[in-house]
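Take a look at the letters that make up each chain.
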Amino acid sequence: MSGLYIHIPFCVRKCDYCAFYSEVSNDRKKQAQFFQALEKELNSLPPDFSPETIFIGGGTPTAPDFQTLAEFFPIFGKFNPQEFSVEANPGTVDEAKLSLLRKSGLNRLSIGVQSFDFQCLETLGRIHSAEQAETAFRMARAAGFDNISIDLMFGTPGQTLAMLDADLTRALELGPEHIAIYNLMYEEGTPLAERNPVRLDEELEREMYDHIRKRLADAGFVHYEISNFAKPGFECRHNLLYWTGGEYIGCGPAAHSHWQGTRWANVSDLDDYCTNGPRREFEETLDSDAKERETLVMGLRLLDGVEVSSKVWKKQQETFQALEKAGLLVIEGRRVWLSGDALFVSDAVFAELV
Ligand code: SF4
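Engineer: Please provide a residue-by-residue account of the site of the ligand, values included.
Structural biologist: Near the ligand the following residues occur: Cys 11, Arg 13, Lys 14, Cys 15, Tyr 17, Cys 18, Gly 59, Thr 60, Asn 89 and Arg 126. Looking at the shell around the ligand residue by residue, the classes come out as 4 nonpolar, 3 polar and 3 charged.

Written out as structure tokens, the structure reads:
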């Protein structure tokens, strides 16, 4: 199984916490140049590449106006994926755009809500209100999307457990098939990190994480990855590719690929990408040990865990057993997975294994 990731590098405004590559621009000429360069890159993909999943992310794929999307989204028509996702910012969609996306073959929408709380939205620097997010969800349903993810965040400075609970209530009232909820990170160089606000206490964040797990389980969601919850059968197949060591090609500036044993990243510069095509700013070939370590760590993100090869088992047996003794890992035969207690501190566990 293989996937295609598309990076659309435009945003209306940079959110205060965001470290993803994107440019703040609504210049239609620049957007047209980008889509022309993207079309060229798509046309240069291996002839036998036939992705089962496509994920259009960014940036904000819904930032360009209706005419631009209508003119250029047909470039994806040559693919016939089973799952075709697009990220949407509630401040950039309307009925016409959502209907266009659905008619263009997109069958899964991931709405970046982050919070329904005014104060949290302000702190994060989002361009939309809670009401716009709810309206976007309802418009997406009306446009025919029957597989919608709501993306949320927790741990925003000033957030309380009650505020988080209210976010979950409003998300659940909309009836999404999937919820992704990430612990806010303070990425170096972002306005949020530079403001250096009072961060939430780690114990409160852990309490929040436990609360999320319980509320979403009670609402019938399967917790299948550290930060991802789905109604049965609605797990994100594209992201599952990443977590199971699958192959994918990324197109667009800053897009990452993992294809036939090589990993690379396209240049993180829109003008360079439009002028010179998808130059690689990074490329590496993983040796078999590095590949196995990576498969192990990515697989451990899944609640089902990962089946460990005898080679990895031999090398890491002592670490596995120490982590099991510490209550962080569960081992059954050759299958290992993170314990409930370890999910919140997964990065510390992964650090022991790489
Ligand atoms: S909309 Fe998304 S990609 Fe754009 S700045 Fe905000 S978080 Fe980053």
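Once the structure has been displayed, the description carries forward.
Engineer: Break down the domain arrangement of the chain for me, citing the residues and quoting the values.
Structural biologist: Here the domain parsing of the chain yields domain 1 (2–241) and domain 2 (287–354). Of note, the centres of domain 1 and domain 2, computed from C-alpha atoms alone, are 29 Å apart. Contact with domain 1, which involves 13 residues of that partner, is made by 11 residues of domain 2. Together domain 1 and domain 2 conceal approximately 1000 Å² of surface at their shared face, both sides included; 63% is due to carbon and sulfur atoms. The largest contributions to the domain 1 side of the interface with domain 2 come from Arg 206, Glu 225 and Ile 226, which together make up 48% of the buried area. At the junction of domain 1 and domain 2, the tally comes to 1 salt bridge. Note that Glu 225 is salt-bridged to Arg 301, the shortest N-O span being 2.6 Å. At the junction of domain 1 with domain 2, the criterion picks out 4 residue pairs in polar contact (both at pLDDT 80 or more). Contributing elements (two or more residues each) for the side of domain 1 that touches domain 2: helix H8 (202–218) and strand E9 (222–225).

Engineer: Got a sec to walk through the environment of Asp 165? Specific residues and values, please.
Structural biologist: Looking at where Asp 165 falls in the secondary structure, it is placed in helix H6 (residues 161–174). Accessibility expressed as a relative area gives 25% for Asp 165, which makes it partly exposed. Here the alpha-carbon distance between Asp 165 and His 211, two residues 46 residues apart in the chain, equals 8.0 Å. In contact with Asp 165, not counting residues within four places along its chain, are His 211 and Arg 215. A polar contact of 3.0 Å, which involves the side chain of Asp 165, links it to the side chain of Arg 215.

Engineer: Lay out the packing of helix H11 (residues 288–299) against helix H12 (residues 310–325) in plain terms, naming residues and giving numbers.
Structural biologist: Interaxial distance between H11 and H12 falls to 11 Å at its minimum, and their mutual angle equals 55°. Considering their axes alone, H11 and H12 lie oblique with respect to each other. The two elements H11 and H12 meet at a crossing, and its hand is right-handed. Facing Ser 288, Asp 289, Glu 292, Arg 293 and Leu 296 of H11, the residues of H12 in contact are Lys 311, Val 312, Lys 315, Gln 316 and Phe 320. Of the residues in the contact of H11 with H12, the class split is 3 nonpolar, 2 polar and 5 charged.

Engineer: Got a sec to walk through the pattern of salt bridges? Specific residues and values, please.
Structural biologist: Scanning all chains against the criterion turns up 16 salt bridges. Asp 16 is the salt-bridge partner of Arg 195, the closest N and O atoms lying 2.8 Å from each other. With Arg 195 in helix H7 (residues 191–195) and Asp 16 in the loop between strand E2 (10–11) and strand E3 (23–24), this residue pair connects regions lying 179 residues apart in the sequence. Here Lys 30 and Glu 23 are joined by a salt bridge, their closest N and O atoms 3.6 Å apart. According to the relative accessible area criterion, Glu 23 is partly exposed, its value standing at 24%. Salt bridges sharing partners connect three or more residues here, namely Asp 289, Glu 292, Lys 311 and Lys 315.

Engineer: Got a sec to walk through the packing of aromatic side chains? Specific residues and values, please.
Structural biologist: Here the structure, examined in full by the defined rule, presents 14 aromatic pairs. Between Phe 73 and Phe 76, the aromatic rings sit 5.2 Å apart at their centres with planes inclined by 85°, giving edge-to-face as the arrangement. Each member of the pair, Phe 73 as well as Phe 76, carries the same accessibility label: buried. By way of ring pairs, the aromatic residues Phe 10, Phe 34, Phe 35, Phe 72, Phe 73, Phe 76, Phe 84 and Tyr 273 are connected into one cluster.

Engineer: Can you tell me about the layout of surface pockets, naming the residues and giving the values?
Structural biologist: Any empty space left between atoms is shown by rolling a water-sized probe over those atoms. The volume enclosed by the second largest pocket comes to roughly 170 Å³. The wall of the second largest pocket is formed by Tyr 224, Leu 240, Trp 243, Thr 244, Thr 295, Gly 299, Leu 302, Asp 304, Gly 305, Val 306 and Arg 335. The class makeup of the residues in the lining of the second largest pocket is 5 nonpolar, 4 polar and 2 charged.

Engineer: Pulling in residues and values, what's your account of the pairing of E9?
Structural biologist: Judged from the 3 bridges that link them, E9 and strand E10 (residues 228–230) form a sheet pairing that is antiparallel. If you follow Glu 225 over to E10, its bridge partner there is Asn 228. Connecting E9 to the antiparallel partner E10 that follows it, the hairpin turn spans 2 residues.

The rules we used
Residues numbered from 1 in each chain as written. Predicted model: local features only at pLDDT ≥ 70, side-chain atom pairs only at ≥ 80, totals over all residues. Heavy atoms only, no water. Near = heavy atom within 4 Å. Nonpolar A, V, L, I, M, F, W, Y, C, P; charged D, E, K, R; others polar. Domains from an automatic or database assignment. Contact = heavy atoms within 4.5 Å. Buried area = accessible area lost by both parts, 1.4 Å probe. Salt bridge = Lys/Arg side-chain N within 4 Å of Asp/Glu carboxyl O. Polar contact = N/O pair within 3.5 Å; in protein donor to acceptor, adjacent residues only side chain to side chain. Helix = DSSP H or I, 4+ residues; strand = E, 2+ residues; numbered from the N terminus. Buried < 20%, exposed > 50% of the residue type's maximum accessible area, 1.4 Å probe, protein only. Axes fitted to C-alpha atoms, helices over the stretch in contact; angles between N-to-C directions. Parallel < 35°, antiparallel > 145°, perpendicular 65-115°, else oblique. Left-handed = near helix turned anticlockwise from the far one by under 90°. Phe/Tyr/Trp six-rings, centres within 6.5 Å; stacked < 30°, edge-to-face > 60°. 1 Å grid on protein atoms, 1.4 Å probe; cavity = no way out; pocket = protein on both sides within 12 Å on 5 of 7 lines; lining within 4 Å. Points joined across faces, edges and corners; volume = space filled by probe spheres on them. Pairing = 2+ DSSP bridges.

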